[in-house]
Amino acid sequence: MKESVEMHKISDVEAASYLSSGVDSSYLTYLGQVDRTFTVGFDEGKYSEIQDAKEFAASINMKNDAKVITPQEYWDNLSDIQYYMDEPVADPAAIALYFLSQEAAKKVKVVLSGEGSDELFGGYNIYCEPLEHTAFNKIPMPIRRFMGKFAEYCLPRGMKGGGFLMRHGKTLEERYFANATNIFTEREANRILKKGCKPGIQKVTAPLYERVKDKDSVTKMQYVDINVWLVGDILLKADRMSMANSLELRVPFLDKEVFKVASKLPTRLRVNKKNTKYAMRQAA
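This is a predicted model, so every value here is computed, not measured.

Criteria and thresholds
Residues numbered from 1 in each chain as written. Predicted model: local features only at pLDDT ≥ 70, side-chain atom pairs only at ≥ 80, totals over all residues. Heavy atoms only, no water. Helix = DSSP H or I, 4+ residues; strand = E, 2+ residues; numbered from the N terminus. Rg over C-alpha atoms; globule rule 2.2 N^0.38 Å. Buried < 20%, exposed > 50% of the residue type's maximum accessible area, 1.4 Å probe, protein only. Contact = heavy atoms within 4.5 Å. Areas by Shrake-Rupley, 256 points an atom, 1.4 Å probe, with all protein chains shown as cover. Lys, Arg positive; Asp, Glu negative; His and termini not counted. Charge placed at Lys NZ, Arg CZ, Asp CG, Glu CD. Pairing = 2+ DSSP bridges. Axes fitted to C-alpha atoms, helices over the stretch in contact; angles between N-to-C directions. 1 Å grid on protein atoms, 1.4 Å probe; cavity = no way out; pocket = protein on both sides within 12 Å on 5 of 7 lines; lining within 4 Å. Points joined across faces, edges and corners; volume = space filled by probe spheres on them. Nonpolar A, V, L, I, M, F, W, Y, C, P; charged D, E, K, R; others polar. Parallel < 35°, antiparallel > 145°, perpendicular 65-115°, else oblique. Arc of directions from axis to C-beta.

Looking at the overall build of the protein
Here is step 1: Helix and strand counts for the protein stand at 15 helices and five strands.
Here is step 2: A compact globule built from 284 residues should have a C-alpha radius of gyration of about 19 Å, and the protein, at 21 Å, falls within 12% of that.
Here is step 3: Seen along its three principal axes, the alpha-carbon backbone of the protein occupies a region of about 60 × 45 × 35 Å.
Here is step 4: Expressed as a percentage of its 284 residues, the buried residues of the protein come to 45%.
Here is step 5: In the protein, the share of contacts with a sequence separation of at least 24, taken over all contacts with a separation of at least 6, comes to 73%.
Here is step 6: Taken as a whole, the protein presents about 16000 Å² of accessible surface, with 55% of it coming from carbon and sulfur.
Here is step 7: Of the side-chain charges in the protein, 41 are positive and 38 negative, and the distance between the mean point of each set is 8 Å.

So this is what it looks like as structure tokens:
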């Protein structure tokens, strides 16, 4: 990571870094030893990481430029943000990223960002699921399928435990297609869409699962996310929101040499009962 960050800092102009309260950007910022960091938050409330970011930046002697996004700014810019996205992306993080890029572009032309860490090193909580509920998963699949169908068709949407039964009433290949859970089921989509949800989500993911059919469940989930979620959401919004502000965004975690290291980590060093991204957090 240190070598990757050094290479990604090579530029004719100053390179800065995005900084949240998370381990990814903090690790990246520390390794980069940049002069400037940028942070945004929403009205200093529940969804603001500004204070944590400022304290961390101060602890490593770096300047932090922070901006609070007001409700008025949010609504005033929403239509422009949708325009720059160029297609529907149901990820609210795109809005914060737009304002973050806007602030950074006032002072620099190149920024480092932490995209890719979760997919490579096992950072999503959903990756812990195969390690949990092992007793429930021993129930024969026909019974689990029945319980899942009952939850889908008979229980109110959002009822506690319903999603769990629906997920575990299917095989991993049937139920997991990205690190996103609050979306329409195919049954719901078919009710709403004019032409239905064809050819279906599994037509997209089936070739990916086939390539990693001999791997463990966590590795399969990561592989799907790298090829679907990372490309179609994480990097898409990062690229569009930075380019909308004429800013070059670089992602050191996605260097091919970093990937080589990440791909050799055993599952227990990616996710375990102690934490997600276990090896990377230890390194950081």
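Details of the sheet that holds strand E1 (residues 15–18)
Here is step 1: Taken in spatial order, the five strands make up an open sheet running E3-E2-E1-E4-E5, and their pairing is parallel. What marks the edges here is a single partner per strand, and that holds for strand E3 (63–69) and strand E5 (248–250). Geometrically, the sheet is characterised by an average inter-axis angle of 30° between neighbouring strands, direction not taken into account.
Here is step 2: As defined by bridge partners, E1 adjoins strand E4 (residues 110–112) across three bridges and the pair is classed as parallel. Looking across to E4, one finds that Ala16 is bridged to Val111.
Here is step 3: The strands that helix H5 (residues 93–105) touches are E1, strand E2 (36–42), E3 and E4; relative to E2, the one it contacts most, it runs at about 140°.

Things to note about the layout of surface pockets
Here is step 1: In this structure, the largest pocket spans a volume of roughly 1300 Å³.
Here is step 2: As for the largest pocket, its lining consists of 36 residues, and the residues nearest its centre are Ser20, Glu49, Ala93, Glu115 and Lys237.
Here is step 3: For the lining of the largest pocket, the elements supplying multiple residues, two or more each, are helix H2 (23–32), E2, H5, helix H6 (117–121) and helix H13 (229–243).
Here is step 4: If you tally residues by element for the lining of the largest pocket, the top one is E2, at five residues.
Here is step 5: Within the lining of the largest pocket, the residues separate by chemical class into 15 nonpolar, 12 polar and nine charged.

Quick look at the packing of helix H12 (residues 217–227) against H13
Here is step 1: In the contact formed by H12 and H13, the axes pass within 4 Å of each other and the chain directions differ by 55°. Taken together, H12 and H13 sit at an angle that is classed as oblique. Seen from H12, the contacting residues are Val224, Asp225, Ile226 and Asn227; seen from H13, they are Trp229, Leu230 and Val231.
Here is step 2: Partitioned by chemical class, the residues of the contact of H12 with H13 number five nonpolar, one polar and one charged.

Some thoughts on the packing of helix H4 (residues 71–85) against H5
Here is step 1: Packing of H4 against H5 brings their axes to within 10 Å, and their N-to-C directions diverge by 100°. By the criterion of interaxial angle, the relationship of H4 to H5 is roughly perpendicular. From H4, Glu73, Tyr74, Asn77, Leu78, Ile81, Tyr84 and Met85 reach across to H5, where they touch Ala94, Ile95, Tyr98 and Phe99.
Here is step 2: Split into classes, the residues belonging to the contact of H4 with H5 amount to nine nonpolar, one polar and one charged.

Here's the deal with helix H3 (residues 50–59)
Here is step 1: Looking only at H3, the buried set comprises Ile50, Ala53 and Ala57. In a view along the axis of H3, the buried residues occupy a sector of 65°, so they form one face of it.
Here is step 2: Buried positions along H3 lie against E2 and E3.
Here is step 3: Backbone geometry just downstream of H3 places Asn61 in the positive-phi region, at approximately 60°.

Things to note about unusual backbone geometry
Here is step 1: The phi dihedral of Gln33 is positive, around 50°, even though this residue is not glycine.
Here is step 2: Tracing the chain through its elements places Gln33 in the loop between H2 and E2.
Here is step 3: Under the relative-accessibility criterion, Gln33 is labelled partly exposed at 46%.
Here is step 4: Positive phi, close to 45°, is recorded for Lys277, a residue that is not glycine.
Here is step 5: By the secondary structure assignment, Lys277 is in the loop between helix H14 (256–264) and helix H15 (278–283).
Here is step 6: With a relative accessible area of 4%, Lys277 lands in the buried category.

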